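# Results of the structural survey
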Amino acid sequence: MIKVVSFKICPFVQRVTAALEANGVPYAVEYISLSDKPQWFLDISPNGQVPVLVTEQGTALFESDAIVEYIEEEFGALNAAQSNEMRALDRAWRYLATKHYLTQCGVMSSKDKATFDQRVEKLLNAFQKMEAQLSGESRFFAGDTLGQVDIAWLPLLHRAAIVKAHSGYDFLCGLPKMQAWQEHVMASGIAEKTVSEDFLSRFSQYYLTNTYLAAEEGQVENTHCCATSSCCD
């Protein structure tokens, strides 16, 4: 069976497990501590980072982009009927998501409002670009079936949903198509299938404790959006 080596709150790992789930591929997960990486992991991960996917043949693959490409080529693309042009566009929109994973992590780990406000602008700009791209006429990015762009954006949308539920801060405030997309992706149930059982508690301990977002629900203002809460429903 395929094995994924993971750190429990890593968004890059969630993208890989989501790709496996969406393709119906059985897999096992082995979790490690990034502060105490075992030697066997360092031996198979040239960059010392997760995710690593070990194939059934024992080959260790690293870098999430390469791993997702392997999953598509080995088990079939979710949007197999696309033209080459559309596949290229999809890859570009997927890249826009993945290059903002660490941006979102940095925003969420901000200790004070000034740092948060400074860091969040780059992330909000990416969300605004996707808002302009979404049609608003289908459940997912390219229709009513979950696709690779949805998979790539899942970690961002999932974490934004948790932050909103905890603090009231909505990264997608004022972006109605993004909010609808997030709702459909979360309603698909794939988010829960792609993280550990204790993901929420570990995520909260890391990002919602002793950070700016640690405030009680409703105390973190959506200052990037509007002065009233009506646009953030």
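Cut-offs and rules
Residues numbered from 1 in each chain as written. Predicted model: local features only at pLDDT ≥ 70, side-chain atom pairs only at ≥ 80, totals over all residues. Heavy atoms only, no water. Helix = DSSP H or I, 4+ residues; strand = E, 2+ residues; numbered from the N terminus. Rg over C-alpha atoms; globule rule 2.2 N^0.38 Å. Buried < 20%, exposed > 50% of the residue type's maximum accessible area, 1.4 Å probe, protein only. Contact = heavy atoms within 4.5 Å. Areas by Shrake-Rupley, 256 points an atom, 1.4 Å probe, with all protein chains shown as cover. Lys, Arg positive; Asp, Glu negative; His and termini not counted. Charge placed at Lys NZ, Arg CZ, Asp CG, Glu CD. Pairing = 2+ DSSP bridges. Right-handed = clockwise from strand over helix to strand, strands pointing away. Expected span 1.5 Å × (residues − 1). Core = buried A, V, L, I, M, F, W, Y, C linked by side-chain atoms within 4.5 Å. Disulfide = S-S within 2.5 Å. Axes fitted to C-alpha atoms, helices over the stretch in contact; angles between N-to-C directions.

## A word on the overall build of the chain
- What the chain contains, in helices and strands, is 10 helices and four strands.
- When the helices and strands of the chain are read in sequence order from the N terminus, they spell out β-α-β-α-β-β-α-α-α-α-α-α-α-α.
- Taking 2.2 N^0.38 as the reference for a compact globule, 233 residues should give roughly 17 Å; the C-alpha atoms of the chain span a radius of gyration of 18 Å, in line with that estimate.
- For the chain, the C-alpha atoms occupy an extent of roughly 55 × 45 × 25 Å along the three principal directions.
- By the burial criterion, 48% of the 233 residues in the chain qualify as buried.
- A sequence separation of at least 24 residues applies to 72% of the contacts in the chain between residues at least 6 apart.
- Looking at the chain as shown, the accessible area adds up to about 11,400 Å², and 49% of this sits on carbon and sulfur atoms.
- Side chains of the chain carry 19 positive and 29 negative charges; the gap between the two charge centres is 4 Å.

## Some points on the pairing of strand β2 (residues 27-31)
- Relative to β2, strand β1 (residues 2-6) is paired through five bridges, and the arrangement is parallel. Following the sheet pairing, Val4 is matched in β2 by Val29.
- In this fold, the crossover linking β1 to β2 by way of helix α1 (residues 11-22) has right-handed handedness.

## A closer look at α1
- With 12 residues, α1 should reach 16 Å at 1.5 Å per residue; the first-to-last C-alpha distance of 16 Å fits that figure.
- Counting buried positions along α1 gives 10 out of 12 residues, so the element sits mostly inside the fold.
- Directly after α1, the chain includes Gly24, whose backbone phi takes a positive value near 65°.

## Description of the nonpolar core
- Ranked by size, the top nonpolar core spans 70 residues in total, and within it Leu53, Phe127, Trp153, Phe171 and Met178 carry the most contacts.
- The leading source of residues in this core is helix α7 (residues 148-167), at 10 residues.

## Here's the deal with the state of the cysteines
- Inspection of every chain in the model, using the stated rule, returns zero disulfides.
- Left unpaired, Cys10 is separated from the closest cysteine sulfur, that of Cys105, by 7.7 Å.
- Residue classification places Cys10 among the buried positions, given a relative accessible area of 11%.
- Residue class for Cys105 comes out buried when judged on its relative accessible area of 11%.

## Details of the side chain of Gln104
- With respect to the secondary-structure elements, Gln104 resides in helix α5 (residues 101-108).
- In this view, Gln104 contacts Leu123, Phe127, Pro155, Leu156, Arg159, Ala160 and Phe171; residues no more than four positions away in its chain are not counted.

## Some words on the sheet that holds strand β3 (residues 52-54)
- In space, the four strands of this open sheet follow the order β2-β1-β3-β4, with mixed pairing throughout. In the strand order of this sheet, the two ends are held by β2 and β4 (60-62), each with one partner. Each adjacent strand pair in this sheet contributes to an overall mean axis angle of 25°, direction not counted.
- As paired elements, β3 and β4 share three bridges and run antiparallel to each other.

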